[in-house]
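Results of the structural survey
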Amino acid sequence: MGDISALRLIGDNATPIWGMSNAERVRRLAVKRAIAERIAPGEALYVNLAFAFDPTLIDEAIKRPGVALTIGGELVLGVLPDDTDPLRLDGIERLPLENRSFYNEQLRKLETPFAERLTPERSRAIERQSYFGAYKGVTDLLTKYLWPELALWLTRIAARLGMTPNMVTAIGAALCVYATVLFAQGQYWTGMLAGFIFMVLDTVDGKLARCTITSSKWGNVADHGVDLIHPPFWWYFWGVGLSAWGLALSGQAFLLVMVAVIAGYILQRVIEGLFIKDFGMDIHVWQKFDSRFRLITARRNPNMAILFVATLAGRPDIGLIALAWWTVISLIVHAVRLAQAYRMRRSGRPIVSWMEEAAP
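Keep in mind it's a predicted model, so treat the numbers as computed, not measured. (Residues numbered from 1 in each chain as written. Predicted model: local features only at pLDDT ≥ 70, side-chain atom pairs only at ≥ 80, totals over all residues. Heavy atoms only, no water.)

On to the sheet that holds strand β5 (residues 74-81). Overall, mixed pairing links the 5 strands, which are arranged β1-β2-β5-β4-β6 in an open sheet. Looking at strand neighbours, the two that pair on one side only are β1 (7-10) and β6 (93-96), the edges of this open sheet. Averaged over all adjacent pairs, the angle separating strand axes in this sheet is 20°, with direction ignored. Examined bridge by bridge, β1 and strand β2 (residues 43-48) share 4 bridges and lie parallel to one another. Bridged to Arg-8 within β2 is Tyr-46. Against the sheet, helix α1 (residues 22-32) makes contact with β1 and β2, and its axis sits at roughly 160° relative to β1, the strand it touches most. Packed onto the sheet, helix α3 (residues 56-63) meets β2, β4 (67-71) and β5 and runs at close to 45° relative to β5. (Pairing = 2+ DSSP bridges. Helix = DSSP H or I, 4+ residues; strand = E, 2+ residues; numbered from the N terminus. Axes fitted to C-alpha atoms, helices over the stretch in contact; angles between N-to-C directions. Contact = heavy atoms within 4.5 Å.)

Most of β5 sits out of view: 6 of its 8 residues are buried. Pairing of β2 with β5 involves 5 bridges; the strand directions are antiparallel. Residue Val-47 lies in a different strand from β5, and its bridge partner there is Leu-77. Relative to β5, β4 runs antiparallel, the two being bridged by 4 bridges. Considered in β5, the bridge of Thr-70 is made with Leu-75. What sits between β4 and β5 in their antiparallel hairpin is a turn of 2 residues, with Gly-72 showing a positive phi close to 60°. (Buried < 20%, exposed > 50% of the residue type's maximum accessible area, 1.4 Å probe, protein only.)

Under the definition given, this model contains 2 cavities of 30 Å³ or more. Space inside the largest cavity adds up to approximately 50 Å³. What lines the largest cavity is Val-168, Thr-169, Gly-172, Ala-173, Phe-198, Leu-201, Asp-202, Asp-205, Asp-223, Val-226 and Asp-227. At the level of elements, α7 (165-184), α8 (188-212) and α9 (217-241) are the ones that each hand at least two residues to the lining of the largest cavity. Class assignment for the residues of the lining of the largest cavity results in 5 nonpolar, 2 polar and 4 charged. Each pocket or cavity is described by its volume, and for the second largest cavity that value is around 40 Å³. Lining the second largest cavity are Ile-283, His-284, Asp-290, Phe-293, Val-333, His-334 and Arg-337. Listing elements by their share of the lining of the second largest cavity, those giving two or more residues are α11 (288-294) and α13 (316-346). Looking at the lining of the second largest cavity, the element that brings in the most residues is α13, giving 3 residues. Broken down by class, the residue content of the lining of the second largest cavity amounts to 3 nonpolar, 2 polar and 2 charged. (1 Å grid on protein atoms, 1.4 Å probe; cavity = no way out; pocket = protein on both sides within 12 Å on 5 of 7 lines; lining within 4 Å. Points joined across faces, edges and corners; volume = space filled by probe spheres on them. Nonpolar A, V, L, I, M, F, W, Y, C, P; charged D, E, K, R; others polar.)

Before going further, it helps to spend a moment on the pattern of salt bridges. This structure, assessed with the given rule, holds 19 salt bridges. Arg-156 is the partner of Glu-127 in a salt bridge, and the nearest nitrogen-oxygen pair spans 3.3 Å. Here Arg-156 lies in helix α6 (residues 148-161) and Glu-127 lies in helix α4 (residues 123-133), a separation of 29 residues in the sequence. (Salt bridge = Lys/Arg side-chain N within 4 Å of Asp/Glu carboxyl O.)

Here the protein shows a mean pLDDT of 92. Residues at 70 or above account for 96%. Here strand β8 (residues 109-111) stands out as the least confident element of the protein, with mean pLDDT 65; α13 is the most confident, with 98. (pLDDT = per-residue confidence, 0-100.)

The next thing to look at is the packing of aromatic side chains. Inspection of the entire model under this criterion finds 17 aromatic pairs. A centroid spacing of 5.6 Å and a plane angle of 80° characterise the contact between Trp-147 and Phe-196, whose relative ring orientation is edge-to-face. Of this pair, Trp-147 sits in the loop between α5 (141-146) and α6 while Phe-196 sits in helix α8, and the two are 49 residues apart along the sequence. Residue classification places Phe-196 among the partly exposed positions, given a relative accessible area of 31%. Grouping aromatic residues by their ring pairs yields a cluster made of Phe-183, Tyr-188, Phe-198, Trp-234, Trp-235, Trp-238 and Trp-245. (Phe/Tyr/Trp six-rings, centres within 6.5 Å; stacked < 30°, edge-to-face > 60°.)

Below you can see the structure in the form of structure tokens.
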């Protein structure tokens with residue numbers, strides 16, 4: 001356990017959350033949020049164990065030293081002078097959390113973080129709030145709408161079994177490679193099933209890490225590394241597998257499709273990286289259009305939806321061609337948006353996320 005010398009726990013609570021005590025959860029959060037390095041001498045983070053709350057509220061408390069974050073007038077947490085009586089809060093400014101929204105830059109969303117009294121009757125509901133609180137607000141259609149409930153169920157099972165996020169990532173990576181092999185053989189339906197399970201587990205490992213506060217630097221590198229590298233291999237071997245269906249593209253057509261798919265994917269990622277470097281935020285949280293376009297932009301999950309529909313119609317070859325065109329279109333949209341951002345900055349106007357502007 002890291003440095004928790006600046007943490008002050010109030011009371012006790014025997015109700016578990018995500019397979020651990022509330023005290024253990026708060027200690028992990030205090031280490032993960034590096035409170036000992038971020039809180040001034042003479043102050044401490046007071047946390048009332050009667051409540052469970054979204055981890056981002058620790059960051060909000062650190063931004064507001066001397067302010068008690070409360071529910072119903074009762075302290076939930078706050079960075080307060082180390083001699084504070086947390087039961088009285090005499091002379092302490094209070095910030096009610098009821099219906100208060102904050103901008104979560106990491107998860108790209110404007111949210112009302114959960115904070116609720118932790119009781120046996122409410123523990124599963126609070127776990128559900130914790131899980132959905134860890135969901136990115138800006139992502140693709142499938143991740144946002146198709147499998148959140150399935151991923152929640154799997155995340156709970158993994159937590160109860162004591163699995164680590166790295167274990168889930170490893171299982172997913174094996175399925176990812178297996179799907180690639182199946183695509184190369186033209187076994188698209190079996191490959192898509194393996195790919196679908198991998199895509200769901202790609203959600204589970206991140207949610208498990210956030211909900212159990214067990215994320216690690218190398219786990220994050222492994223997870224994002226697999227995500228970043230594998231899509232071009234999937235599309236290439238999908239094209240190779242077309243011969244098993246008697247639908248192989250001509251050499252020239254295959255080359256053009258691969259150039260569009262692979263170069264388009266790489267350049268789109270480069271544009272996203274440039275936007276982060278030059279404007280300090282993800283391109284998809286700039287304006288509402290960008291957040292909406294992220295739902296369908298040519299990333300792995302929307303592309304798999306294109307291939308699924310085409311294969312259902314018996315034409316996986318047309319699916320790959322459609323994927324190539326959609327990649328080019330998405331690349332153009334991102335390039336135009338990057339150019340518009342540079343032009344706006346040159347005109348002296350700030351580049352600010354629409355969600356940050358909407359935050360109170």
